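# Reading the structure
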Amino acid sequence: MSTFLQQVKKLWPIAILLLSSILLLIPFFLNHAMIIGSDAIFHFNRLYDTAMQIKHGNFQYFISMYGFQSSGRIVNALYGPFMAYIQGLIVLISPSWFGYQVISNGILYFFSGLSLYLLLKKAGVQLVYRIPLGIFYMTTYSVQYWTLRQGFSSWGAALFPLCLIPLIDLIEKKTLHPIQTAICIGVMCQIHMLSAFLLVFVYACFFLTAFFANSKHTKIKLLKQLGLAIVIFGFLVLNVLYSFIAIYSENNIAQPFVNKWMAETTIFKGSSYWLFYPPILMIIVLFALWTICKHWKKESQLLKVTAVTCGFLFILCTDLFPWKLLNNSHNQLIETIQFPFRFFVPFTVLLLLAVGLLLEKWHTRSVIFGLISYGLLLLSLLQTGISTNNALNVWHQTESFLNSSVHTYFTSENTSEIKKSFFIKNKVQALQYVVKSTPDYLPVKTVKCKDKYSLYHHQVINKQKYFHKSVKGNKLVVEWEGRSVKNIQVPVIKYTDTILRLNQKMLHTNVKLSRIGTPIVKQRKGHNELVVSYRSDRLLDTILIFNFISWLIVFYMNYKFEIFERVMIILKKSPVSSI
């Protein structure tokens, strides 16, 4: 009985986080509606592709054969490949796109709350503060970005706190765990590359502080640990590194949207909702700022580093930072960031860590404080529910039922039929009705190719109706009837390593291509067949196997290391060690 009670005591906080995640899903069940935001169709396509690969046991690491109009374009290999397959599995087991949206949101909420809960636990914050802060994190825009706009950075945000755990020992024990560090950054690379960049940025801030604040002996130790972490990390992301090298070295790849007005998308201007969602977040910011300034000299090193890094990230989110000047420099790294508000994700995590540390040190538990804190938490949950409900209500409108329609087109005029397609088992129907001309990662003739969106719309999406596409083995088969012998443009994408076979004849690598990589071939009168495949790559197969084994080894090593640490702690506390 005592063992059972101990298990309940350990699991009840997790149960509360799970219950909170379910509560945030209530608007979906009440409305029975979808939220189709700015990035929904893009992600639905790439995740549907991996779902079908899993379903048919037909794995194609590079080109898309099921999603993106079965165009053979490359996306997942450059965009969190392992996470794409995990999400694809969720898509596969979901009864519909509506089911996937509900399930994925629930998973996101739970892991984001649990992630912050575990970070605060590692930092020594009491349970009474960990739970409400974990629940509050679910309601912030960093997490809700996926729900409201399908911004994939929310999946990075969900695990961001968990990935900061090694930094606690870096500051407090002056040691950087190489295996844990490599795992954390490696996991983030497999989920979302930009989130991985932000994570490395935070690690760099903490590492430099620990490095310069310690003795020469400690500096050498930290450099060795960092070097080992980088080596292990390299093994864990070999597949990602290989994809970028193999694809970018042989093709001019179209970059994602370049924001020419970065200074207009800061949290003080066009993206202020990051700061005021929920509105209570601003109260927390002011509370943290006032308390830190009041007790600065007495604060711990961990809190000071957290606060300074947090402040720097906040400045990066605003137009106080010279974004306009940097934007005009056309620096590729700056263009990759796209929006200054992206720095708000690590800012939010570090802010809540700082608040947890402040509450732990300066606030004693009282009925009044508890009532105020939980009252504010309930308000933030209510506000999040109302915001989700408002976004869902858009679905019930007659015409403008999408939350974002930029570069998005309908292939049917039957609105009710389009909406119905998101609630049926056959998920491909919705992707055929609602299409988006996102040109990311297309093999363009020049990197600065203009009109990429309209070119993809006209050369791929609009031409679909004249061709029949199917998948046979790991090859995409495109068939059509030709009325005469002439050159035509086929709605598929060819990269340097894409192999084309027209009517049983291999096309040479110098086949004529459009500005976005669609091939122009000479059709014959009657039935035509173009078989699209990607170069067989034994090196990739070897890398994937090695990569998988590397993950198993490092997880095992980390597990053994944790057991060793626990044994050492027990030995230090035992009476024998004091004799």
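Model, not experiment: these values are computed from the prediction.

Turning to the pairing of strand β3 (residues 468–472), a few remarks are in order. Of the strand pairs in this sheet, β3 and strand β4 (residues 475–482) are connected by five bridges, and their pairing is antiparallel. Among the inter-strand pairings, Lys469 is bridged to a residue of β4, identified as Val478.

Let's shift gears to the packing of aromatic side chains. Any two aromatic rings considered together are summarised by their centre-to-centre distance and by the angle between their planes. For the structure on display, the rule yields 40 aromatic pairs. A ring pair is formed by Phe321 and Trp323, whose centres lie 4.9 Å apart and whose planes are at 55°; its orientation type is tilted. The exposure class assigned to Trp323 is buried, which follows from its relative accessible area of 2%. Seen in terms of ring centroids, Phe401 and Phe410 are 5.3 Å apart; in terms of plane orientation they differ by 25°. Their pairing is stacked.

A large share of β4 lies buried, amounting to six of its eight residues. The hairpin turn running from β3 into β4, its antiparallel successor, is two residues long, and Gly473 in that turn takes a positive phi close to 65°. Sheet topology places β4 next to strand β9 (residues 526–534); seven bridges connect them, and they run antiparallel. Note that in β9 the partner of Val477 across the bridge is Val531.

Take the nonpolar core next. By size, the foremost hydrophobic cluster in this structure holds 160 residues, and its most contacted members are Phe62, Trp97, Leu164 and Phe422. Looking at this core, the element that brings in the most residues is helix α18 (residues 344–362), giving 13 residues. Aside from chain neighbours lying at most four places away, what touches Phe62 is Arg73, Ile74, Val75, Ala77, Tyr242, Ser243, Ile247, Tyr534 and Leu540. The next biggest cluster of nonpolar side chains, apart from the first, holds 13 residues, and it includes Leu476, Val478, Val492 and Leu500.

Counted according to the given criterion, the structure contains zero disulfides. Between Cys205, a cysteine without a disulfide, and Cys310, which holds the nearest cysteine sulfur, the sulfur-to-sulfur distance is 11 Å. Cys293 carries a free sulfur, and the closest cysteine sulfur to it, the one in Cys310, is 12 Å from it.

On to the environment of Lys463. One can find Lys463 in the loop between α22 (452–461) and β3. Distance in space between the C-alpha atoms of Lys463 and Gln489 is 8.8 Å, their sequence separation being 26 residues. Dropping the residues within four chain positions of it, Lys463 is found in contact with His458, Gln489 and Pro491.

Across the interface, helix α5 (residues 97–122) lies against helix α7 (residues 141–149) with an axial gap of 10 Å and an inter-helix angle of 175°. Taken as axis vectors, α5 and α7 run roughly antiparallel relative to one another. Facing α5, whose interface residues are Tyr100, Ser104, Asn105, Leu108, Tyr109 and Ser112, α7 presents Val143, Gln144, Trp146 and Thr147. Here the residues of the contact of α5 with α7 sort into five nonpolar, five polar and no charged.

Enumeration according to the criterion identifies six salt bridges in this entry. A salt bridge links Glu264 to Lys269; the nearest nitrogen and oxygen atoms lie 3.7 Å apart. Residue class for Glu264 comes out partly exposed when judged on its relative accessible area of 44%. Between Lys269 and Asp319 there is a salt bridge, with the nearest N and O atoms lying 3.7 Å from each other.

Right, let's talk about helix α13 (residues 238–248) for a bit. Taken as a whole, α13 has its buried residues at Asn239, Val240, Tyr242, Ser243, Ala246 and Ile247. Along the long axis of α13, the arc covered by the buried residues comes to 165°, so they all point the same way.

This part covers the sheet that holds β9. Here five strands make up an open sheet; going across it, the order is β3-β4-β9-β6-β7 and the pairing antiparallel. Two strands close off the open sheet at either side, each with one partner strand: β3 and β7 (505–506).

Turning our attention to a nonpolar patch on the surface. A contiguous nonpolar surface patch, about 850 Å² in accessible area, is contributed by Ile545, Phe548, Ile549, Leu552, Ile553, Tyr556, Met557 and Tyr559. As for its position among the elements, Tyr559 is in helix α23 (residues 538–573).

Here we take up the side chain of His457. Mapped onto the secondary structure, His457 falls in helix α22. Judged by its relative accessible area of 11%, His457 falls in the buried class. When residues no more than four places from it in sequence are discounted, the contact partners of His457 are Tyr409, Ser437 and Asn462.

Turning to unusual backbone geometry, a few remarks are in order. Cis rather than trans, the peptide bond between Tyr277 and Pro278 has omega equal to -10°. If you trace the backbone, Pro278 turns up in the loop between α13 and α14 (280–294). Positive phi, close to 45°, is recorded for Ser70, a residue that is not glycine. For Ser70, the location among the structural elements is in the loop between α3 (40–56) and α4 (81–93).

The next point concerns the environment of Leu382. With respect to the helices and strands, Leu382 occurs in helix α19 (residues 367–393). Classification of Leu382 by relative accessible area gives exposed; the value is 52%. Sequence separation between Leu382 and Ile418 is 36 residues, and the spatial gap between their C-alpha atoms is 31 Å.

Further remarks concern helix α10 (residues 178–191). With 14 residues, α10 extends 20 Å between its outermost C-alpha atoms, agreeing within 8% with the 20 Å of an ideal straight helix rising 1.5 Å per residue. By the criterion of burial, α10 is predominantly enclosed, with 13 of the 14 residues buried.

Note on placement: Ser421 falls in the loop between α20 (415–420) and α21 (428–433). On the basis of relative accessible area, Ser421 is assigned to the buried category, the value being 1%. Excluding residues that lie within four positions of it along the chain, Ser421 makes contacts with Asn426, Gln429, Ala430 and Tyr433.

Criteria and thresholds
Residues numbered from 1 in each chain as written. Predicted model: local features only at pLDDT ≥ 70, side-chain atom pairs only at ≥ 80, totals over all residues. Heavy atoms only, no water. Pairing = 2+ DSSP bridges. Helix = DSSP H or I, 4+ residues; strand = E, 2+ residues; numbered from the N terminus. Phe/Tyr/Trp six-rings, centres within 6.5 Å; stacked < 30°, edge-to-face > 60°. Buried < 20%, exposed > 50% of the residue type's maximum accessible area, 1.4 Å probe, protein only. Core = buried A, V, L, I, M, F, W, Y, C linked by side-chain atoms within 4.5 Å. Contact = heavy atoms within 4.5 Å. Disulfide = S-S within 2.5 Å. Axes fitted to C-alpha atoms, helices over the stretch in contact; angles between N-to-C directions. Parallel < 35°, antiparallel > 145°, perpendicular 65-115°, else oblique. Nonpolar A, V, L, I, M, F, W, Y, C, P; charged D, E, K, R; others polar. Salt bridge = Lys/Arg side-chain N within 4 Å of Asp/Glu carboxyl O. Arc of directions from axis to C-beta. Patch = residues over 30% accessible without salt bridge, like charges linked within 9 Å, V, L, I, M, F, W, Y side chains within 5 Å. Areas by Shrake-Rupley, 256 points an atom, 1.4 Å probe, with all protein chains shown as cover. Expected span 1.5 Å × (residues − 1).

Coordinates in, geometry out; function isn't part of it.
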